[in-house]
Amino acid sequence: MSILQKIADIESEMARTQKNKATSGHLGLLKAKLAKLRRELIEPKGGGGATGEGFDVAKTGDARIGFVGFPSVGKSTLLSNLAGVYSEVAAYEFTTLTTVPGVIRYKGAKIQLLDLPGIIEGAKDGKGRGKQVIAVARTCGLIFIVLDVLKPLQHKRLIEKELEGFGIRLNKEPPNIQFKKKEKGGLNLTSLVTQSELDHDLVKTILNEYKIHNADITLRVDATAEDLIDVIEGNRVYIPCIYLLNKIDQISIEELDIIYKVPHCVPISAHHKWNFDDLLEKMWDYLQLVRIYTKPKGQLPDYSSPVVLREGRSSVEDFCNKLHRSIIKEFKIALVWGSSVKHCPQRVGKEHVLADEDVVQIIKRV
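Remember, predicted model here, so these are calculated numbers, not experimental data.

Draft legend 1. Examining the packing of helix H6 (residues 200–209) against helix H7 (residues 225–233) more closely. Relative to each other, H6 and H7 sit at 35°, their axes nearing to 11 Å. Like other packed secondary-structure pairs, H6 and H7 cross with a definite hand, here right-handed. Residues Val 203, Ile 206 and Leu 207 of H6 lie in contact with H7, whose contacting residues are Ala 225, Leu 228, Ile 229 and Ile 232. Per-class residue counts for the contact of H6 with H7 are 7 nonpolar, no polar and no charged.

Draft legend 2. Layout of the sheet that holds strand S14 (residues 331–337). Pairing within the open sheet is mixed, and its 5 strands lie in the order S13-S12-S16-S14-S15. This sheet does not close on itself; its edge strands, each paired only once, are strand S13 (302–310) and strand S15 (346–348). The mean angle between the axes of side-by-side strands here comes to 40°, regardless of whether they run parallel or antiparallel. Of the pairings in the sheet, the one linking S14 to S15 comprises 3 bridges and is antiparallel in character.

Draft legend 3. Up close: the pattern of salt bridges. Within the structure shown, the criterion is met by 15 salt bridges. Between Glu 164 and Lys 172 there is a salt bridge, with its nearest N and O atoms 3.7 Å apart. By relative accessible area, Lys 172 is classed as partly exposed at 44%. Connected via shared salt-bridge partners are Glu 164, Arg 169, Lys 172, Asp 230 and Arg 236.

Draft legend 4. The packing of aromatic side chains, seen in detail. One pass over the full model with this rule turns up 3 aromatic pairs. Plain terms: the ring middles of Tyr 293 and Tyr 303 are 4.9 Å apart, the flat faces sit at 70° to each other, and that makes the pair edge-to-face. Of this pair, Tyr 293 sits in strand S12 (residues 289–294) while Tyr 303 sits in strand S13; the two residues are 10 residues apart in sequence, bridging distant segments of the chain. Tyr 293 gets classed as buried once you look at its relative accessible area, which sits at 7%. Residue Tyr 303 is classed as exposed on the basis of its relative accessible area of 53%. Its guanidinium or amino end placed over the ring of Tyr 243, Lys 156 lies 4.7 Å from that ring's centre, counting from NZ or CZ.

Basis of the calculations
- Residues numbered from 1 in each chain as written.
- Predicted model: local features only at pLDDT ≥ 70, side-chain atom pairs only at ≥ 80, totals over all residues.
- Heavy atoms only, no water.
- Axes fitted to C-alpha atoms, helices over the stretch in contact; angles between N-to-C directions.
- Helix = DSSP H or I, 4+ residues; strand = E, 2+ residues; numbered from the N terminus.
- Left-handed = near helix turned anticlockwise from the far one by under 90°.
- Contact = heavy atoms within 4.5 Å.
- Nonpolar A, V, L, I, M, F, W, Y, C, P; charged D, E, K, R; others polar.
- Pairing = 2+ DSSP bridges.
- Salt bridge = Lys/Arg side-chain N within 4 Å of Asp/Glu carboxyl O.
- Buried < 20%, exposed > 50% of the residue type's maximum accessible area, 1.4 Å probe, protein only.
- Phe/Tyr/Trp six-rings, centres within 6.5 Å; stacked < 30°, edge-to-face > 60°.
- Lys NZ or Arg CZ within 6 Å of the ring centre and 35° of its normal.

Printed below as a string of structure tokens:
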């Protein structure tokens, strides 16, 4: 029996099974089996095959954004109007067949935009070229899901399901679960908060499916079986996502007011270039980039080309490494002007965390 057939059988069995306390162990086992089969689809046994022509695009710039959506929702038009890159546009479905890269400059940062080919339902199961499309999407720092505002939000659910099947979690934080395998001692489960779904038996059932019999698990949140499976699999990526509702020129003002209340959504018209300012501002917020300006000794700061770092990885050491790997070896102290220090300039060490638009001068050892 093929992997796809096994996946279909498990999904139909899960749909038939009633959800209650008595069946939670069985459902947990099925979810674990499903996650293992999906992993085999993404990473086949016996080495990797060809990635597919035109899919593996070299990473450039400070951040990477992938445009994901069904065929003919306006991804190519949006890329053309945002970045001035020509991606073939037509009124029929499946116009774009390979990844088309473009670059925009915004607030001093260089951001790579990728127009990925249209996703079809069943991409996670290897249909169409969806497998390669979603593999590229996993490398992005932000995903734009482009939706046609006239077609129901059922498209949104389908795309989310395809991305979830590939281990991409949208607008979520990694579950606060500590998982550590050990050689002996059995299962040691510690819950720091009351659990509504997971108990000792269910955790043991899921671990048995992975042939893990000795482990320490600490649950710091009210976790689900899916959360535990994500932690065990260890190959999940957590990516922020913005839903772009395109073609708003075809709906009424009242409908537009309702759309504006949907979380993580930006209504736009790619063709008329409407609401691009709002989109770019939201994009900047979700990317969480930090701009640092350099200041050579005795000169004014260079505000034209900032060094761009990611929030959470914006220490002075990260800044030095972004400039050149050799700088940190000769590093003595740094002088910082900006919101991350109490007085300007302040002498700081390499562990100091920088804030957006700080000015830094590196002083090397003599």
